[in-house]
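Summary of the model geometry
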Amino acid sequence: MSRRISPVIPGFGLTLGYTLVYLGLLVLIPLGAMFVHAAQLSWGEFWTIVSAPRVLAALKLSFGTALVAAVINGIIGTLLAWVLVRYTFPGRKIIDAMIDLPFALPTAVAGIALTALYTPNGLIGQLASELGFKIAFTPLGISLALTFVTLPFVVRTVQPVLADIPREVEEAAACLGAKPLQVFRHVLLPALLPAWLTGFALAFARGVGEYGSVIFIAGNMPMKTEILPLLIMVKLDQYDYTGATSIGVLMLVVSFVLLLLINLLQRRIETP
């Protein structure tokens, strides 16, 4: 007679109930309240708010710099993951631990440190000024701040997948005459691409909503270096709750559509 083993946590019904309540209180209800508040506007009023030149400039800047940072980290993060997985060298564990530093460091502290470093009076900012361009208070500075904040997302999603790929597979392909580029394209890339897209999507989503590390280095000049989260804060400071929620809804919809497209692409790649 078989003995029934008790589950470690309660059954499906109770755990599903806790899950739905938890997600509802933390995610669905707040987002739903924002949509309900924005729904009080007519379509014409909503369009007037979200199509204002200042809003469109902030939208372009936020999503553009987040995309640039995600692409940079998609390349550099993959190289870092490769070095940490495939090579053993002195200081490897220290470098591996430093990857998670943006997670532990308060974003405001990161923003202040980057601003002090890249302003025209800073160590690197002075060199950039001598070469004829600025870093701080420009979209370039915003992209650098977002690159710093979102780096761990790509590394930590690609690293375990890369560690699970047997090196014997690469060696077998090389023995069969495949060149290094062919090995990467036909052996490594198919296995890494889904994880890479996941890290890219996470980095992009974090970059779009980042606030603390950006406001110091951005300069916050309307129509030039003003990001969408800051514009929402400006609306709230002016007690324009309708304008803030409208911009929030726009930001949420655009982010959801882009992430949906990335997830659909990921599923299509994973499907044999």
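Everything below is about the structure shown above.
Quick caveat, the model's predicted, so the values are computed rather than measured.

When its secondary structure is counted, the protein chain shows 13 helices and zero strands. Dimensions of the protein chain, computed from the C-alpha atoms along their principal axes, are close to 70 × 65 × 30 Å. Across the 272 residues in the protein chain, those meeting the buried criterion constitute 36%. Pairs at least 24 residues apart make up 75% of the contacts formed inside the protein chain by residues separated by at least 6 positions. As presented, the protein chain carries roughly 16500 Å² of accessible surface, and 71% of it is formed by carbon and sulfur atoms. Looking at charge distribution, the protein chain has the averaged site of its 17 positive side-chain charges lying 5 Å from that of its 13 negative ones.

With that settled, consider the nonpolar core. Side chains that are nonpolar tend, in soluble globular proteins, to be buried together. Of all hydrophobic cores here, the largest spans 52 residues; its most connected members are Ile142, Val214 and Leu228. Examining the composition of this core, we find that ten residues originate from one element, helix α3 (residues 53–86), more than from any other. Beyond its immediate sequence surroundings of up to four residues, Val214 is in contact with Ile142, Ala145, Leu146 and Ile227.

Within the structure shown, the criterion is met by six aromatic pairs. Geometrically, the ring pair formed by Trp196 and Phe200 is stacked, given 5.4 Å between the ring centres and 15 degrees between the ring planes. Of the two residues, Trp196 and Phe200 both sit in helix α10 (residues 180–209), four residues apart, roughly one turn of that helix. Among the residues examined, Trp196 registers a relative accessible area of 25% and is labelled partly exposed. Taking the relative accessible area as the measure of exposure, Phe200 reaches 11% and is therefore buried. A centroid spacing of 6.3 Å and a plane angle of 80 degrees characterise the contact between Tyr239 and Tyr241, whose relative ring orientation is edge-to-face.

So, on to the packing of α3 against α10. As a packed pair, α3 and α10 sit with axes 9 Å apart at the nearest point and diverge in direction by 135 degrees. Considering their axes alone, α3 and α10 lie oblique with respect to each other. Of the two elements, α3 crosses α10, and the hand of that crossing is right-handed. Listed contacts from α10 to Phe63, Ala66, Leu67, Ala70, Val71, Gly74, Ile75, Thr78, Trp82 and Arg86 of α3 are Leu188, Trp196, Phe200, Ala203, Phe204, Gly207 and Val208.

Among the structural elements, Glu210 can be located in the loop between α10 and α11 (215–218). Here the side chain of Glu210 touches Arg206 through a polar contact of 2.9 Å, side chain to side chain. Once residues lying within four places of it in the same chain are set aside, the contact partners of Glu210 are Thr107, Leu146, Val149, Ile227 and Pro229.

Right, let's talk about the pattern of salt bridges for a bit. The final tally for this structure, using the stated rule, is five salt bridges. Notably, a salt bridge pairs Arg54 with Glu226, separated by 2.7 Å at the nearest N-O pair. Residue Arg54 is found in helix α3, and its partner Glu226 is found in the loop between α11 and α12 (228–237); the two are separated by 172 residues along the sequence. Residue Arg54 is classed as partly exposed on the basis of its relative accessible area of 32%. When its relative accessible area of 4% is taken as the criterion, Glu226 is described as buried. As a salt-bridge pair, Arg206 and Glu210 come within 2.9 Å of each other at their nearest N and O atoms. Connected through shared salt-bridge partners, Asp96, Asp100 and Arg156 make up one network.

What counts and how
Residues numbered from 1 in each chain as written. Predicted model: local features only at pLDDT ≥ 70, side-chain atom pairs only at ≥ 80, totals over all residues. Heavy atoms only, no water. Helix = DSSP H or I, 4+ residues; strand = E, 2+ residues; numbered from the N terminus. Buried < 20%, exposed > 50% of the residue type's maximum accessible area, 1.4 Å probe, protein only. Contact = heavy atoms within 4.5 Å. Areas by Shrake-Rupley, 256 points an atom, 1.4 Å probe, with all protein chains shown as cover. Lys, Arg positive; Asp, Glu negative; His and termini not counted. Charge placed at Lys NZ, Arg CZ, Asp CG, Glu CD. Core = buried A, V, L, I, M, F, W, Y, C linked by side-chain atoms within 4.5 Å. Phe/Tyr/Trp six-rings, centres within 6.5 Å; stacked < 30°, edge-to-face > 60°. Axes fitted to C-alpha atoms, helices over the stretch in contact; angles between N-to-C directions. Parallel < 35°, antiparallel > 145°, perpendicular 65-115°, else oblique. Left-handed = near helix turned anticlockwise from the far one by under 90°. Polar contact = N/O pair within 3.5 Å; in protein donor to acceptor, adjacent residues only side chain to side chain. Salt bridge = Lys/Arg side-chain N within 4 Å of Asp/Glu carboxyl O.

Honestly, it's all geometry; don't read function into it.
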